[in-house]
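# Analysis of the macromolecular model
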Amino acid sequence: MADSTLSDADKIRQKRLAKLGGGAQGSNASALPTPTSAPAQPSPAPAPLPAVAPPSPQPEKKKAPTQIKIRPRPASPPKRERDGAERPRSRQREPESLETWQDRNLRAILRVTLLSEEATDAHGHALLFLPGTRGDLVENKAPLQLSLDVLEGAITEAAGNAPGGKPFEYLLACFKRVSRGIRGTKYAGGGGPDEAKRDVLKEARRLCMSYCLFAVTLPEMFGEHVPATNPLVDHLLADPECDLGICTDFLDEVSVCMGVEGCESISDALVGAAEDLSGRLAGLDMNCDYQSHVRGLMNLIRYPKIVDAMTQSAQWAPPDIEPQDIETKTLLGPFFRLSPMQPEVSQSYFSAPKTRDRNFISSAQNAIRLTLRNHQLLLFQIAKSVASSSAQSKEAMLNWFALCVNKNHKKRAMRVDYKTVSGDGFMVNVTVALDQLCEPFMDASFSKIDKIDVDYLRRSPRVDISDETKINADQKAADEFYARPASGANGFTSEIFFLTVAAHHYGTEAAQARMATMRKSVKRYEQDLEAFEADRHKYINDPRYLARYEEQVSRIKKQIDDMWSTIHATNGVLLDDLNQARSMQFMRLVIVWLLRLASRQNLPTSGELRLPLPADEPEVFACLPEYFLEDIVDNFKFITGNMPHIMTPQQCDEIVQICVAFLRNTEYVKNPGVKSGLVTILFYGVQPMYNNKRGLLGDLLIGSPFAHKHLLHALMKFYIEAESTGTHTQFFDKFNIRFEIFQVIKCIWANTMYRESLAKEAAVNTDFFVQFVNMIVNDVTFVLDESLSSFARIHELSKELASAAFAALAEEQRKEKLELLEDQKGKAKSYMQLTRESMETLILFTETLPDAFTMPEIVQRLADMLDYNLDIMVGAKRTGLRVANAAEYKFDPRALLTDIVKVFINLAGKARFVQAIAKDGRSYKPANFAGAARLMQSKVYMSPAEILLWTDLGLRVAEVKAAEEEEEADLGEVPDEFLDPLLADLMTDPVLLPTSRQVVDRSTIRSHLLSDPCDPFNRAPLRIEEVVEDAGLRGRIEAWRRGRLEGVRRERRERAAAAAAAAEVAEGGPMDTSEG
């Protein structure tokens, strides 16, 4: 039975040797020895033991060394007598025969012995006794020396008896020893007397290599014990320099063998080893010994043939894999999965995060950045090696990257189920690797930007954008556009560019979004925990419920700690200067590419970007995925908000260009969120940074000729457009957007060129400017009313809570009152900040352009608003504004009154404004002007010049008010046809509305259309240009008014004259009217 088994194994071995022999070098490599020359397998090894070798060969083996007679220092005695003319010579060793050298070196390589009593060599290494080989030598009456004739049998026998039943481990060590011997300087070169010795080592190396491959592909050849796992894996994990590690010499030989026909099993074995290596790493994280797995993979991918074999693996990029499995079940996934953002790692670096100070967290973040940076460099080298190995492997690498981004579209959903998508750490690593692959075409001058093909997405691209929202096209228009395929083929530069843009969207930007969401969630958890712990008294007396309560508290605390650990780790990863600088360089390329596309200008070679953009938006730009712009916005919002110091001047120039360009041409972009993000970038850019009070972009915005031309108009245009964003949060969004616009305007206001630009805008583009001014007035009106109303409500509720009646209320009613108070406090805080900013902007603009704020359609509403709030601040209602801890809400009544008075003073020189104040019948009170003047002198501390202007304004308003009251009394009852149907005032410039056929005053309808572009009577769309002047009615009104006033005034003069005459008569007696 045993013989039969041996025969089958020998046949298998002979077949493999025949295949391998053809690819070997040298005369000895032409063919491997036949199985018949090999000794028996290790199983019958004890049989030859009784046949002890005769004594004759043994002395021969011992004679050789005894022929070298070493005498004790023969040159020593003459040393005393020599005169220095010659040096003593040591005796030369007698030459060693080739056979002896061969035996000694082969035994050292294989670490075997033919003597049963020899257990170790001179260095203490354990030796394998080869009874089979010894028996063959004795049987053939040959010297007990290893030679090439018996080498294969010796290798087979030794491998069959390898320590621990690991033939591959033993044979690999033999191969590495013989390789080191060949690399020795003595045998490195060809020719000379050592040629024969070198051939011996080369043949030994060839046989060791051949049997290494047999141990991997035919492990049953060396006994019944077949390893359950691929034997290559453990050795790939070992250090290549140690005896157990797979070195480059071994892989060099394997790579050569892979080119031989019929050696497919070698490729399968290597691919299987790579898959096992990946599978083992899938269960590890950065707290474990992962470096050996990465090193093992990198050793493999240095060989193009191995890379080609790996990319054909079923585990490379399976198309039906689930997103969450990509990082564990694809061949490269586990390597890219390693990140400090993994829960176990983040909890290790940031344990008990609530107890750690800022220095500890910062140090831990620096540590994870350094660790991850080194790992990401290796990941890039892996991706680069695969992509540059061959055309086939390049395609495979691109397919794997495409799989990562295409499967993870749900990472940017409104509500993400993180169990069904790839992890943030994995996707960030993918993004960083792709950023590095883009570096060859990210030069500062954009010399290779033409290689990015605008038609890439129309040639069956790897990047799936079918479900993506487009920049400015609906799904139907985009489908029709992409249904027209473009000719040509996509190049590698275009492939990497579009993949990298997508990876940013689903990688770093998704991680930033999740971190922001987690910050909100953890704060909510902490609030819930605080409320939950406040209920401890309810369970303190019941041990059963108390235990469950404590368990729940511990669970919530752990969740909070875990979330903070993840937040700190994510923040540490995202705040990597090197990666973010590279990311910004890529975004700079995207910015210039988009501007080239949208403007149809050959940027940057054509010079400065020209605005406005073309009226007909390029279809290829409109149909791009929205994330092209969204990535830029998210990336630079994060940079300018968290690490602005890493931005370069060139990047600042380009980010200003794209912000201004698409705010100037808002019609190019559909999503208001993206456009508001452009404002946010500018807002962050002007925030004080270190010693620069104007921030990162402030000086650039003040000094840039491009900004002088276009920035202010762009901000004003989006200020108007923000009134309606189309989202369910548009009411709050518009105030956030306008607040940020205010900050940018305040920053640039130091440059008088912007003020001149504003005046020109008001003169040239009057309707546009009136819309802008109207929005400012509307906002100031609203936020002032809301903030002051909140303080009045806080005052009332605080008094109510302090009363005895509150204590008598039921618990539920008391809780409701307290919640209402907290709600009002929150409103007061948010609106008060907006109020101060809005008033400051109003002061700036009324000081610069008072005429714009006294236009007929604006001035009355502005005057009414100022009168109303002045009445609240200085009238009888001011006591209702007294609240405890006013500083908590940033409420300073004196500062607010000062702001209101400054607006009055800025417009005091305009007669129309004075008339509007006087016309306000609801809130204007002369006493308010007097009261404000007293406060200005005693508490507000305004300058004497300002107090004088204020007093004069009050007097002039009183005069106009008296005159208007007199005129109103003189006019008496106005005919209905002369009254404005909306305001019930006498019309001065009546116009006919084209669809409803109603007549209203021009100022009334202009004011209405500023907020509502519809006819107020039938809701039909209406523009001010469409109204028709009613000259006939205006003439009748003027004639009636003139006639009425003249008649009344004539009567008044006549009555006055009559009264005067009567008085004279009464004083001097009857008047003498007789002649003479």
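With 15 residues, helix α22 (residues 492-506) should reach 21 Å at 1.5 Å per residue; the first-to-last C-alpha distance of 21 Å fits that figure. Counting buried residues along α22, 14 of its 15 residues qualify, which places the element largely inside the surrounding structure.

In this section: the packing of helix α4 (residues 98-110) against helix α9 (residues 195-217). Remark: α4 packs on α9, axes separated minimally by 11 Å, with the N-to-C direction vectors making an angle of 30 degrees. As the angle between them shows, α4 and α9 are arranged roughly parallel. The chirality of how α4 crosses α9 is right-handed. For the pair formed by α4 and α9, the contact residues are L98, W101, Q102, L106, I109 and L110 on the first element and A196, K197, V200, L201, A204 and C208 on the second. Broken down by class, the residue content of the contact of α4 with α9 amounts to ten nonpolar, one polar and one charged.

This brings us to a nonpolar patch on the surface. A cluster of nonpolar side chains, L982, L983 and F1017, forms an exposed patch at the surface whose accessible area comes to about 270 Å². With respect to the helices, strands and loops of the structure, L983 is situated in the loop between α41 (944-971) and β3 (990-992).

Before going further, it helps to examine the environment of R107. Among the structural elements, R107 can be located in helix α4. Spatially, the C-alpha atom of R107 lies 9.5 Å from that of D121, the residues being 14 residues apart in sequence. Those residues in contact with R107, other than ones at most four positions away along the chain, are V112 and L146. Here the side chain of R107 touches D103 through a polar contact of 3.0 Å, side chain to side chain.

Here we come to the packing of helix α29 (residues 672-685) against helix α32 (residues 730-748). What describes two packed helices is the angle between their axes and the distance between those same axes. Two elements in contact, α29 and α32, have axes separated by 9 Å at closest approach and are oriented at 40 degrees. α32 is crossed by α29, and the crossing has left-handed handedness. Contacts from S676, V679, T680, L682 and F683 of α29 reach α32 at I737, F739, E740, I741, Q743 and V744. A per-class count over the contact of α29 with α32 returns seven nonpolar, three polar and one charged.

Further remarks concern the packing of aromatic side chains. Considering all chains together, one arrives at 44 aromatic pairs under this definition. Centre to centre, the rings of F532 and Y549 are 4.8 Å apart; their planes meet at 40 degrees, and the pair counts as tilted. Of the two residues, F532 is situated in helix α23 (residues 508-533) and Y549 in helix α24 (residues 543-574); the sequence distance between them amounts to 17 residues. Pairwise contacts between aromatic rings join Y456, F497, F498, Y506, F586, W593, Y627 and F628 into one cluster. If you follow R458 out to its NZ or CZ, it ends over the ring of F481, 5.0 Å from the centre.

With that settled, the discussion passes to the pattern of salt bridges. Summed over all chains, the structure comprises 62 salt bridges. Among the salt bridges present, the one from R107 reaches D103, with a minimum N-O distance of 3.0 Å. Separated by four residues within a single helix, R107 and D103 lie in helix α4, roughly one turn from each other. Its relative accessible area of 3% is what places D103 among the buried residues. Linked through salt bridges whose partners overlap, the residues forming this network are E723, K734, R738 and D779.

Another aspect to go through is the confidence of the model for the protein. This prediction gives the protein a mean pLDDT of 86; 90% of its residues lie at or above 70. Within the model, the stretch residues 1-9 combines pLDDT values under 50 with two contacts to residues more than four positions away or in other chains. Overall, residues 15-86 carries pLDDT values under 50, and its contacts beyond four positions in sequence, including any with other chains, amount to 81 contacts.

Structurally, the position occupied by T566 is in helix α24. Among residues more than four places away in sequence, those in contact with T566 are S346 and M518.

Moving on, we come to unusual backbone geometry. A negative phi angle is the norm for most residues apart from glycine, just as the trans form is the norm for most peptide bonds. For the bond running from L603 to P604, omega is 0 degrees, close enough to zero to count as cis. Looking at the element boundaries, P604 is found in the loop between α25 (577-599) and α26 (619-622). The amide bond that connects L611 to the next residue, P612, takes the cis arrangement and shows omega of 0 degrees. Secondary-structure assignment places P612 in the loop between α25 and α26. Within the chain, K890 stands out as a residue other than glycine whose phi angle is a positive 55 degrees. By secondary structure assignment, the location of K890 is in the loop between α37 (856-874) and α38 (893-906). The class for K890 is exposed, based on a relative accessible area of 60%. Even without glycine at this site, A984 takes up a positive phi of about 60 degrees.

Reading the values: the criteria
- In every chain, residue numbers begin from 1 and rise along the written sequence.
- Local features in a predicted model are, by the rule used here, given only for residues with pLDDT of at least 70; side-chain atom pairs are given and counted only at 80 or more, and totals for whole chains, interfaces and linings are based on all residues.
- Excluding hydrogens and water, the side-chain values take into account all heavy atoms of the structure.
- Put simply, DSSP H or I for four residues or longer makes a helix, DSSP E for two residues or longer makes a strand, and each gets a number counted from the N terminus.
- A helix is expected to reach a length of 1.5 Å times the quantity of its residues less one.
- For the exposure calls, accessible area comes from a 1.4 Å probe over protein chains only, and a residue counts as buried if that area is under 20% of its type's maximum, exposed if over 50%, partly exposed in between.
- Convention adopted: a line fitted to C-alpha atoms gives each axis, helices being fitted over their contacting stretch, and angles between N-to-C directions are expressed from 0 to 180 degrees.
- When an angle is under 35 degrees it counts as roughly parallel; over 145 it counts as roughly antiparallel; between 65 and 115 it counts as roughly perpendicular; any other value is oblique.
- By definition, any crossing whose near helix is turned counterclockwise from its far helix by less than a right angle is left-handed, and any crossing with a clockwise turn is right-handed.
- Here, two residues are considered to be in contact whenever any of their heavy atoms come within 4.5 Å of each other.
- Put simply, Ala, Val, Leu, Ile, Met, Phe, Trp, Tyr, Cys and Pro go in the nonpolar bin, Asp, Glu, Lys and Arg in the charged bin, and everything else, Gly too, in the polar bin.
- Exposure above 30% relative accessible area and no salt bridge define the residues that can form patches, which grow by joining like charges within 9 Å and nonpolar side chains of Val, Leu, Ile, Met, Phe, Trp and Tyr within 5 Å.
- Methods summary: accessible areas were calculated by the Shrake-Rupley approach with a probe of 1.4 Å, and residue burial reflects only the protein chains presented.
- The salt bridge criterion pairs a side-chain nitrogen of Lys or Arg with a carboxyl oxygen of Asp or Glu, the two atoms within 4 Å.
- As used in this structure description, the phrase polar contact means that two N or O atoms lie within 3.5 Å; if the pair is within protein, one of them must be able to donate a hydrogen and the other to accept it, and residues adjacent in sequence are counted only when both atoms belong to side chains.
- Paired rings are identified among Phe, Tyr and Trp, the last through its six-membered ring, by centres lying within 6.5 Å, and are further divided according to the angle between planes into stacked (under 30 degrees), edge-to-face (over 60) and tilted (the rest).
- Geometrically, a charge over a ring is one whose NZ (Lys) or CZ (Arg) sits within 6 Å of the ring centre while staying within 35 degrees of the ring normal.
- For every residue, the predictor states its confidence as a pLDDT score lying anywhere from 0 to 100.

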